[in-house]
Amino acid sequence: MPESNASKIQPENQIPLEPFMIERREVLSAWKTGAEVDLEDGFAYHRQLEQSKKFPVKLSAAKASSTTLIQPRAGVPLISDHIKLLTYLQNEGEADLLPTTIDSYTRQNRYREAQNGIEESLRSGRAMLNGYPAVNHGVETNRQIIESLDLPVQIRHGTPDARLLAEICYVSGFTSFEGGGISYNIPYAKNVSLEKTIRDWQYVDRLTGLYQEAGITINREPYGPLTGTLVPPCISHSVAILESLLAAEQGVRNLTVGYGQCGNLIQDVAAMNVLSKLTEEYMAKFGFGDADITTVLHQWMGGFPQDEAKAYAVICWGSAVAALAKVTKVIVKTPQEAVGVPTMEANASGLRATKQMITMLHDQSINTKSLDSEKEIIEAETRCIVDKVIEIGEGNIAAGVVRAFQAGYLDIPFAPSKYNAGKLLPARDNQGAVRIFHPGAIPLSKDLLEFHKEKIIERAAFEKRQASFQMVIDDVYAISKGRLVGRPR
Amino acid sequence: MPESNASKIQPENQIPLEPFMIERREVLSAWKTGAEVDLEDGFAYHRQLEQSKKFPVKLSAAKASSTTLIQPRAGVPLISDHIKLLTYLQNEGEADLLPTTIDSYTRQNRYREAQNGIEESLRSGRAMLNGYPAVNHGVETNRQIIESLDLPVQIRHGTPDARLLAEICYVSGFTSFEGGGISYNIPYAKNVSLEKTIRDWQYVDRLTGLYQEAGITINREPYGPLTGTLVPPCISHSVAILESLLAAEQGVRNLTVGYGQCGNLIQDVAAMNVLSKLTEEYMAKFGFGDADITTVLHQWMGGFPQDEAKAYAVICWGSAVAALAKVTKVIVKTPQEAVGVPTMEANASGLRATKQMITMLHDQSINTKSLDSEKEIIEAETRCIVDKVIEIGEGNIAAGVVRAFQAGYLDIPFAPSKYNAGKLLPARDNQGAVRIFHPGAIPLSKDLLEFHKEKIIERAAFEKRQASFQMVIDDVYAISKGRLVGRPR
Amino acid sequence: MDRKKKLVLGVIGADVHAVGIRILDFAFTQAGFEVINLGVMVSQDEFINAAIETNADAIVVSSLYGHGELDCRGLRDKCVEAGIGDILLYIGGNIVVGKQHFEDVEKRFLEMGFDRVFPPGTDPEDGVRWLKEDLKVGDWEDISDA
Amino acid sequence: MDRKKKLVLGVIGADVHAVGIRILDFAFTQAGFEVINLGVMVSQDEFINAAIETNADAIVVSSLYGHGELDCRGLRDKCVEAGIGDILLYIGGNIVVGKQHFEDVEKRFLEMGFDRVFPPGTDPEDGVRWLKEDLKVGDWEDISDA
Ligand code: B12
Ligand code: B12
């Protein structure tokens, strides 16, 4: 392949400003709210936004600290209900990032049908649309969302031609926008040509680039899972990388690449690792090394079990992958996934289950060279103890046990029995494995005792505190407070 | 250490029959229901039990097929409520094994207080005991449990002196009995000496041995998690091995050794692997190589989060360990763990979440040499595709993408778009990773295509069927039906 | 012997859920029906035109994305206008927004003129069973002989 | 300056949950109280005798295993009989069987003569706060000076 040729950006692929501006006029006239869009007004609105409401800021911070953020999907037709919903997900769902999911008519640019859906929803008191119709609501109404919430809000949709939607949402103050010319066509449309969607998304990216040039970074997220149904990683990775390059060509500099969980732990962790590596590599190769790349895992995107308890299991398994692969954010499903658009309570439950997994697994990773060495350690320790008991039993195991407890060779943490020495104190190491903080008298070899000591010292150093009983207490509470390792508060 | 000396069984450690029988009379006289116990009657009762109600049978079958069985904890004071509860857990909870959890007064041999608790429960209409008082209810009542359920039932308790409990429960037809002289003393008692509990459990094991001699195998389960709170694996492993040896000396031949999840995936999987390995090794060393050893993982035994959604996460994480470590059974917590004895609905929910995890992860294991090779594969595949698109774009990625879809170099499974070739068909391999069943035209190297083909052939061979679209359909449904790989029905 | 019964199958409205319909097609075809699969994003007119053109015995509508209620209004009336007022009309999938009592949902759709309404996650075989009953066909073997 | 306030602490009945009590001991001691920790499986008489012997200001009962209601009946009366009828009586933990409305549970235990009743998973600091209020002690510094 013509490597040298392909590997540098072709500036002629960027839409020139003038035709862009001409096209813009047409785009904005597609629905009446287009008239509300003014670029300078948009820039000014973004400039006064608090840092805490900016998607790129929160993503970068999470990436820097290897933390995984959690984000729901959510959108209902009426503004007051929508704000109530997002507020609930923020406060009761412990979400880190918020969405505004757009309804299916808007996604197909059927604004008149969306309008009908809004009106029918008002009349019937039931939500008649499967999302929030942001184009119909217009700039002022949309800004109520940004102003009512404390967290950054992203537009999530599935729109082949999202030019007007992007125009309106950017001016409205949303700081992240999902989609791309491949990922929002092939899984979301039937008759729309790729030429058209790619071109329409180049428009969106060019618009994003204009904000970027004005000093306003808006995060773009190629839609990773595609059809959500048995998509092999290499397929969705290829799309993610290609859409990243397409976006970057138009001036986008903040991208989140995604992948939908396939379900096999090893494959999924491997896939996430490769995704960020290759995206960064290709971006650099094409001269976009300055772009900020983060990652997103989508919890299982295919068909869910009807039963809510079983749905929790699917949700938690996805969360485990997200945590172990250290992705920047995870998109969360709900226990009602198989049934329909979830209640806000169900949505918040999915978030909280995910939060627990993420925080509980925060300190772990799958680098399973470790499995063998962990086995060796446990085996050696257990032999030390059992052999000692057998030895001092002198042919009588029962007697050996009694003597071992007297001597503290056998010592069980937190036991109520007065026949237990209670000298051994356990604590977790920096990855959350249970280690021995004070060995009491258990007969481990010098090497093994040294191993435990090092593990605890490593953690104490990391936490910048002395190892003490407080550390043990913190570990006792940790899982019930969402963590595995009881870090200092 | 005196290896040769320690490593053979000392027959003098077995309680001789005569003193055992004398002691027995005293044991049976501790509460009036003791009079109902007759060994021969017990043997006869066990002999007429269906195979499907026998714990050891179900455990062996699970071990042979590397399946993980799920078992709740449950016990309420009144027999009718208790049967209703277990029936619900069997039918709605999809339990594989059932428990009868004994109340705390019975565990302390305080039968009078237990009687009071039964009466108060009857009077107040609320459960006033935290379990089922099997001694007070006596043989005939207990047998209603065995007869009403389709599954094997185990006695789970925490009784330092369980001699009478065992006598009554064995005659009643329970086929598994938890506990041991160390594990049911140190975490469960304050002032009871080890000499006494070990001796009392030697009695229980000797009794179990008498059944064994009569051809009736009763499963015994040393209690693995001890205090459930930060117990390092080597401590609980040592106890499990020592109690297994003590039990075997008295004639027990069917043992399930256990461990309480600590929370770090690697440590927990390693621990379970080592536990079965070392137990079998020590048993063989002491001449008990003929015993049948199975394993149990207890989902997190320490403090739980109050929030039910978060509790699900803890439950699911424990289930993941159980599945990945291929334990024989897992003891399940409930979303109400932090609050109190669960409702039957909550208990069944914990079971169903666990069932989903177990079945969904059934085909996976943590042998993470695989991680690196999986990364290599995904990376190589993705490069093949992306480089091809870039190449045919001749400097224009957008054009490359359009051409690639036309050529089927990019092809997304199950997409609605007519611009998508739809020739590529994915399917899972035998471990549940998503592989490519029909490659369509995607430009993978010959080696990579060969890799996928082999993976699918491996699965098809395992399932004794041809690879076909039916396989793909089965995979589409699999997660919503509790599996990852859509096995033939 | 009967000719094979014909079904017009599609996902209505702006709905692009493409997985279920592929499996329904497979299942109905396996069960011996002749399936005219219109795929996703099918309008009311497309359903009706296809049914007239092929002289179909039933229109089987799938709707997953929640707008089913809006998309299906007036479908029966349009069938009547087009002269196929008696055609068998089925609908299934996640046909309304959110978790609603299925009895209420079923009632609404029956009133809209559907003959049968199926809840989320219905096994295709249930559809097959009812189709055979309503279209008075015997079991698999009979049809495949046809 | 006050002497340190004394608390008799224990887990009542046949209850062996040994983790929480260890932490309560640590927390109350850190907060400046003198803690007489009787550990687990403590009978009513042991609580009362220890309170009399040490001239304690409060009896703090923990109960996790569900039998709290049976175990605690008559405790206040026994205190009265023993001449310490006014002693402050706290209880906390998982004090009844199962998930019950906490208001009902609290009412039952208040009627049994407890001064304060704490729900499952109460933070030890909440106990500290109420103890300081009920025993009229200032904050940490004041006590530690004593
Ligand atoms: C995969 C999926 C997607 C993929 C679809 C890819 C594709 N092009 O096919 C993507 C990610 C693109 C997607 C997009 C959207 N989705 Co979607 N999606 C799903 C999901 C997870 C699985 C669907 C599936 O493939 N199931 C597997 C197949 C085999 O089952 P099935 O589709 O249910 O069909 C079977 C049965 O229902 C039955 N059946 C179906 N129709 C009929 C008809 C008759 C007569 C009979 C007898 C039987 C029958 O037989 C089928 C075969 O077994 C479901 C939730 C779930 N079920 O878990 C949500 C779900 C359907 N989606 C939903 C929504 C809202 C959307 C979006 C609007 C927003 C979003 N979440 O992004 C967009 C809509 C786009 C559009 N315009 O249509 C909602 C619908 C909500 C509601 N009705 O209240 C659901 C229920 C998720 C949820 N709880 O919110 N989705
Ligand atoms: C660990 C544990 C065990 C261990 C205990 C080991 C040991 N010796 O310590 C083992 C496995 C042996 C065990 C046994 C049993 N347990 Co248990 N156990 C637990 C568990 C999971 C955690 C308890 C714990 O250590 N928490 C951590 C500490 C720090 O928190 P804590 O104990 O709640 O105490 C804190 C607060 O509650 C508060 N607090 C406590 N008391 C008081 C008092 C006052 C005044 C104040 C202000 C605050 C306060 O401060 C403490 C410190 O922060 C709980 C459920 C849970 N909470 O998740 C069940 C639980 C307490 N156990 C229960 C039961 C029923 C039993 C058993 C009967 C049966 C069984 N499941 O095996 C036996 C009973 C044995 C006996 N005779 O007591 C039930 C009680 C049910 C109920 N009340 O309805 C629970 C709630 C589980 C459940 N949902 O069924 N258990």
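Here's what I pulled together on the structure shown here.

Procedures and definitions
- Residues numbered from 1 in each chain as written.
- Chains lettered and ligands numbered in written order.
- Predicted model: local features only at pLDDT ≥ 70, side-chain atom pairs only at ≥ 80, totals over all residues.
- Heavy atoms only, no water.
- Near = heavy atom within 4 Å.
- Polar contact = N/O pair within 3.5 Å; in protein donor to acceptor, adjacent residues only side chain to side chain.
- Helix = DSSP H or I, 4+ residues; strand = E, 2+ residues; numbered from the N terminus.
- Buried < 20%, exposed > 50% of the residue type's maximum accessible area, 1.4 Å probe, protein only.
- Disulfide = S-S within 2.5 Å.
- Nonpolar A, V, L, I, M, F, W, Y, C, P; charged D, E, K, R; others polar.

1. So, the site of ligand 2
Stage number 1. Neighbouring ligand 2 are 48 residues, the closest being Tyr477 of chain A, Glu337 of chain B together with His17, Ala18 and Ser62 of chain D.
Stage number 2. Among the chains of the assembly, those with residues near ligand 2 are chains A, B and D.
Stage number 3. Note that a nitrogen atom of ligand 2 is positioned 3.0 Å from one of the backbone N or O atoms of proline 187 of chain B.
Stage number 4. Among the elements of the structure, α18 (469–478) of chain A, α6 (104–107) of chain B together with α1 (19–30), β3 (58–63), β4 (88–93) and α6 (124–134) of chain D are those that each provide at least two residues to the shell around ligand 2.
Stage number 5. For the shell around ligand 2, the element with the highest residue contribution is α1 of chain D, accounting for four residues.

2. A word on the side chain of glutamine 90 of chain B
Stage number 1. If you trace the backbone, glutamine 90 of chain B turns up in helix α5 (residues 79–91).
Stage number 2. Of the residues examined, glutamine 90 of chain B reaches a relative accessible area of 12% and is grouped as buried.

3. Topic: the state of the cysteines
Stage number 1. Following the criterion strictly, the structure yields zero disulfides over all chains and no others.
Stage number 2. No disulfide involves cysteine 234 of chain B; its sulfur sits 8.5 Å from the nearest other cysteine sulfur, which is in cysteine 384 of chain A.
Stage number 3. For cysteine 234 of chain B, a relative accessible area of 0% gives the class buried.
Stage number 4. Free of any disulfide, cysteine 72 of chain C has its nearest neighbouring cysteine sulfur in cysteine 79 of chain C, separated by 11 Å.
Stage number 5. For cysteine 72 of chain C, a relative accessible area of 1% puts it in the buried group.

4. Notes on the site of ligand 1
Stage number 1. In the vicinity of ligand 1, 48 residues are found, and the nearest of them are Glu337 of chain A, Tyr477 of chain B together with His17, Ala18 and Ser62 of chain C.
Stage number 2. Ligand 1 sits at the junction of chains A, B and C, each of which supplies nearby residues.
Stage number 3. Between ligand 1 and tyrosine 477 of chain B there is a distance of 2.4 Å, counted from an oxygen atom to a side-chain nitrogen or oxygen.
Stage number 4. Take glycine 92 of chain C: an N or O atom from its main chain is 3.3 Å from a nitrogen atom of ligand 1.
Stage number 5. Elements with a contribution of two residues or more to the shell around ligand 1: α6 (104–107) of chain A, α18 (469–478) of chain B together with α1 (19–30), β3 (58–63), β4 (88–93) and α6 (124–134) of chain C.
Stage number 6. With four residues, α1 of chain C is the single largest residue contributor to the shell around ligand 1.
Stage number 7. Residue classes in the shell around ligand 1 are distributed as 26 nonpolar, 18 polar and four charged.

In short, geometric facts, not functional conclusions.
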